[in-house]
Amino acid sequence: MSLNLLAKQSDFVNALNASSEFIRETRWFDGSIVIEVDKQRLWLKIYRGKVIDAMEMIPPFGATISISGSAQAWEWLCSGERTFSDLVTAGSRHLASYDDPMSEGGGLRPPEISIGGNGFEAGRIHIGLRDLCGVFASVYGVHAV
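Note that the structure is predicted; figures quoted are calculated from it, not measured.

A. Looking closely at the overall build of the protein chain. Each helix and strand in the protein chain was counted, giving six helices and five strands. Reading the protein chain from its N terminus to its C terminus gives the helix and strand order α-α-β-β-β-β-α-α-β-α-α. For the protein chain, the residues scored as buried account for 45% of the 145 residues in total. When contacts within the protein chain are restricted to residue pairs at least 6 apart in sequence, those whose partners lie at least 24 apart make up 64%. On the protein chain, roughly 7700 Å² of surface is accessible, and the fraction owed to carbon and sulfur atoms is 54%.

B. Expanded view of the packing of aromatic side chains. Considering all chains together, one arrives at five aromatic pairs under this definition. Summarising the aromatic geometry, the rings of Trp 43 and Phe 61 are spaced 5.9 Å apart at their centres and angled 70° between planes, so their arrangement reads as edge-to-face. Separated by 18 residues along the polypeptide, Trp 43 in strand S2 (residues 40–47) and Phe 61 in the loop between strand S3 (50–55) and strand S4 (65–69) bring together distant segments of the chain. Look at Trp 43 and you get buried, because its relative accessible area is 3%. Taken together, the ring pairs connect Phe 12, Trp 74, Phe 136 and Tyr 140 into an aromatic cluster. A cation over an aromatic ring shows up here: Arg 82 above the ring of Trp 76, its NZ or CZ 3.9 Å from the ring centre.

C. Structural view of the environment of Ala 71. When you line up the elements, Ala 71 lands in helix H3 (residues 71–79). For the pair Ala 71 and Asp 38, spaced 33 residues apart in sequence, the C-alpha separation works out to 5.7 Å. Those residues in contact with Ala 71 that lie beyond four places of it in its chain are Val 37 and Asp 38.

D. Quick peek at the packing of H3 against helix H6 (residues 126–140). Two elements in contact, H3 and H6, have axes separated by 8 Å at closest approach and are oriented at 85°. One way to sum up the angle between H3 and H6 is to call them roughly perpendicular. Contacts between H3 and H6 pair Trp 74, Leu 77 and Cys 78 from the former with Cys 133, Phe 136, Ala 137 and Tyr 140 from the latter. Considered class by class, the residues forming the contact of H3 with H6 number seven nonpolar, no polar and no charged.

E. Representation of the pairing of strand S1 (residues 30–37) within the structure. Taken across its eight residues, S1 has seven buried, putting it largely inside the fold. Note that S1 and S2 share eight bridges and pair antiparallel. Directly across from Glu 36, in S2, lies its bridge partner Arg 41. Count of turn residues in the S1/S2 antiparallel hairpin: two residues, of which Asp 38 carries a positive phi of about 55°. Where S1 meets S4, five bridges bridge the pair, whose relative direction is parallel. Looking across to S4, one finds that Ile 35 is bridged to Ile 67.

What counts as what
- As a convention, each chain's residues are numbered from 1 in the sequence order in which they are written.
- For a predicted model such as this one, the threshold for reporting local features is a pLDDT of at least 70, and the threshold for listing and counting side-chain atom pairs is 80 or more; totals across whole chains, interfaces and linings nevertheless cover every residue.
- With hydrogens and water excluded, all non-hydrogen atoms of the structure serve as input to the side-chain values.
- Strands are runs of DSSP state E lasting at least two residues, helices are runs of H or I lasting at least four, and both sets are numbered from the N terminus onward.
- Only protein chains enter the calculation, and the probe is 1.4 Å; a residue is then buried if its accessible area is under 20% of its type maximum, exposed if over 50%, and partly exposed in between.
- Note on contacts: a residue pair is in contact if any heavy atoms of the two residues lie within 4.5 Å.
- The accessible surface values rely on the Shrake-Rupley method and a 1.4 Å probe; as for residues, cover is taken only from the protein chains in view.
- When two rings of Phe, Tyr or Trp (its six-membered ring) have centres within 6.5 Å they constitute a pair, described as stacked for plane angles under 30 degrees, edge-to-face for angles over 60, and tilted for the intermediate range.
- Placement of a charge over a ring requires the Lys NZ or Arg CZ to be within 6 Å of the ring centre, with the centre-to-atom vector within 35 degrees of the ring normal.
- Geometry is summarised by axes, namely lines fitted to C-alpha atoms with helices restricted to the contacting stretch, and by angles between N-to-C directions that run from 0 to 180 degrees.
- Comment on the angle field: the value is read as roughly parallel under 35 degrees, roughly antiparallel over 145, roughly perpendicular from 65 to 115, and oblique elsewhere.
- Note that Gly is not counted as nonpolar here; it falls among the polar residues with everything else outside the nonpolar set of Ala, Val, Leu, Ile, Met, Phe, Trp, Tyr, Cys and Pro and the charged set of Asp, Glu, Lys and Arg.
- Any two strands with at least two DSSP-identified bridges between them are counted as paired.

Here it is, written out as structure tokens:
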């Protein structure tokens, strides 16, 4: 699967604006979220639960929160091979065997998808970020139409 972030940008924004979970969890958020897949970027301005603007670049005033990872990490999310929690949390929960707890770097492995920027705001809308990633997976996933 070759993930092209901008190819389904409109579908993604429309799906976010139709997601009751995303709307509920970001209802009191006034900020921006940038999604980075390798070097591809999509900046989203969120106001009271709705995406009111989207750009292929980060504007000069930046972003409130960033969610970034490799194309492989996003593909794992989209295919369902790994969950949002697995990808954003450090350590390994995707071990081939419990015989080797240090495989894949053990607890020292950094998250495959990082959440950055304003940590207070990211924590406040963490469930909204999870919902955003769920919508992302449904739009960009293997079975997405």
